[in-house]
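# Chains, contacts and geometry: an overview
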Amino acid sequence: MFQTQTSIANMRDRAPAPYVDRLARNGWCIMPDALPAQRINRLDDDLAEAFERAPYCRGPFYGETTKPLGRLPLRFVHSEALICHERILEIVHHFLAPWCDHVQLNTTQAIAIDPGAPAQAPHRDQDMCHGPKGEMEYLLNVIWPLTPFNPDNGATRLWPGSHGSAAIEGDAPHEEQAVSPVLAPGSALLFPGSTLHGAGANRSGSVRRAAVIGYSLGWLKPYENPWLAYPPQVARHFSSELAKLAGYVQHRPNLGHFEGQCPSTLLTGGPELMTGPRDALLLEQAEMVEAYCRAQQVPG
Ligand SMILES: O=C(O)CCC(=O)C(=O)O
Ligand SMILES: [Fe+2]
């Protein structure tokens, strides 16, 4: 049902070189015309009412002039086109697959920033991961502008070259070194969890809106709890690719199981259909266990 290791390796190999190079060199890249603008406009229209009703955030990270909304697949039936965008997933796999068995969704969000909002504090999203920094990437984010982005209306700011091993130097960010790419709906902005960034100040008269689709290593605790956001009765209607990204898969060895089984079983049947616990091991783990068992056998 789900992708195999070989198909993940193939996806990594297919990652389009120009984007991979720019991401590795600068710490961000833009994919123009990633999707037709009309499709993004439809998403923006579908979210309008939810944004209208949504409360402002409390606390300093998003700020009290910002409305973040989670669970995009429930709010916009076509959000799978963004989440499972083939070229983007190839790039995500290229950057994250070296450190995991498969990648997962870290978050799906839409963020509206009101006129008058101050700039968000520059941050690295990887700072929520308590592990070594500078040696590996934990996350890759994709920001889809739902309204045109420009430096005056709250466009995401990025600090070029602040990623990878530069992320451990810890210098205070220089405001003048930030860039605010001009983006049109339909384009996508990609950056890894190590890149310093933040939403810009909205000095315009209109709301800035964006969708943020974040991916992470499959063994990491995700930003948005996927099994609460998308319980089985909801995820049952997802494509197998989206369900897998939303946590309905075991990360080998045996991580994220349900009663010893792959949680995807809950989408196709139910606990009563389960045949009992079953190991999900990586090849080298299976070989190590087998070798141990062989060595324990009494000769003759
Ligand atoms: O809205 C933006 O431009 C950036 C948001 C962000 O950095 C975050 O939510 O971590
Ligand atoms: Fe961020």
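Residues numbered from 1 in each chain as written. Chains lettered and ligands numbered in written order. Predicted model: local features only at pLDDT ≥ 70, side-chain atom pairs only at ≥ 80, totals over all residues. Heavy atoms only, no water.

## Here's the deal with helix 2 (residues 17–26)
Along helix 2, the residues that are buried comprise Tyr 19, Val 20 and Leu 23. Down the axis of helix 2, the sector holding all buried residues measures 100 degrees, keeping them to one side. Those residues of helix 2 hidden inside the fold are in contact with strand 1 (29–31), helix 6 (86–96), strand 4 (139–145) and strand 6 (188–192). Of the residues one or two after helix 2, Gly 27 is the one with positive phi, at around 90 degrees. (Buried < 20%, exposed > 50% of the residue type's maximum accessible area, 1.4 Å probe, protein only. Helix = DSSP H or I, 4+ residues; strand = E, 2+ residues; numbered from the N terminus. Arc of directions from axis to C-beta. Contact = heavy atoms within 4.5 Å.)

## Some details on a nonpolar patch on the surface
The grouping of Phe 61, Met 128 and Tyr 223 at the surface amounts to a nonpolar patch, some 280 Å² of accessible area in total. Residue placement: Met 128 occurs in the loop between strand 3 (103–113) and strand 4. (Patch = residues over 30% accessible without salt bridge, like charges linked within 9 Å, V, L, I, M, F, W, Y side chains within 5 Å. Areas by Shrake-Rupley, 256 points an atom, 1.4 Å probe, with all protein chains shown as cover. Salt bridge = Lys/Arg side-chain N within 4 Å of Asp/Glu carboxyl O.)

## Let's talk about helix 6
Among the 11 residues that make up helix 6, 8 are buried, leaving the element largely enclosed by the rest of the structure. Of all the residues in helix 6, the buried ones are Ile 88, Leu 89, Glu 90, Ile 91, Val 92, His 93, Phe 95 and Leu 96.

## With respect to the pattern of salt bridges
Side chains that carry opposite charge are capable of pairing whenever their charged atoms lie near each other. With the rule as written, the count across this model stands at 6 salt bridges. Across the salt bridge formed by Arg 209 and Asp 44, the nearest N and O atoms sit 2.7 Å from each other. Highlighted residues: Arg 209 in strand 8 (residues 208–217) and Asp 44 in helix 3 (residues 37–53), separated in sequence by 165 residues. For Arg 209, a relative accessible area of 23% corresponds to the partly exposed category. We classify Asp 44 as buried; its relative accessible area is 10%.

## What about the coordination of the iron ion (ligand 2)?
For the iron ion (ligand 2), the full set of protein donor atoms is His 123 (NE2), Asp 125 (OD) and His 197 (NE2), at a range of 2.1 to 2.3 Å. Of note, the donors binding the iron ion (ligand 2) are all from one chain and are spaced H-x1-D-x71-H. His 123 gets classed as buried once you look at its relative accessible area, which sits at 13%. (Donors = N, O, S within 2.8 Å, 3.2 Å for Na, K, Ca; no water.)

## Some remarks on the domain arrangement of the protein chain
Segmenting the protein chain into domains produces domain 1 (5–224 + 236–245) and domain 2 (253–300). The straight-line distance from the C-alpha centre of domain 1 to that of domain 2 is 35 Å. The interface of domain 1 with domain 2 comprises 4 residues on the first partner and 5 residues on the second. Buried surface at the junction of domain 1 and domain 2, both sides included, amounts to about 350 Å², of which 60% is carbon and sulfur. Residues of the side of domain 1 that touches domain 2, tallied by class, amount to 2 nonpolar, no polar and 2 charged. (Domains from an automatic or database assignment. Buried area = accessible area lost by both parts, 1.4 Å probe. Nonpolar A, V, L, I, M, F, W, Y, C, P; charged D, E, K, R; others polar.)

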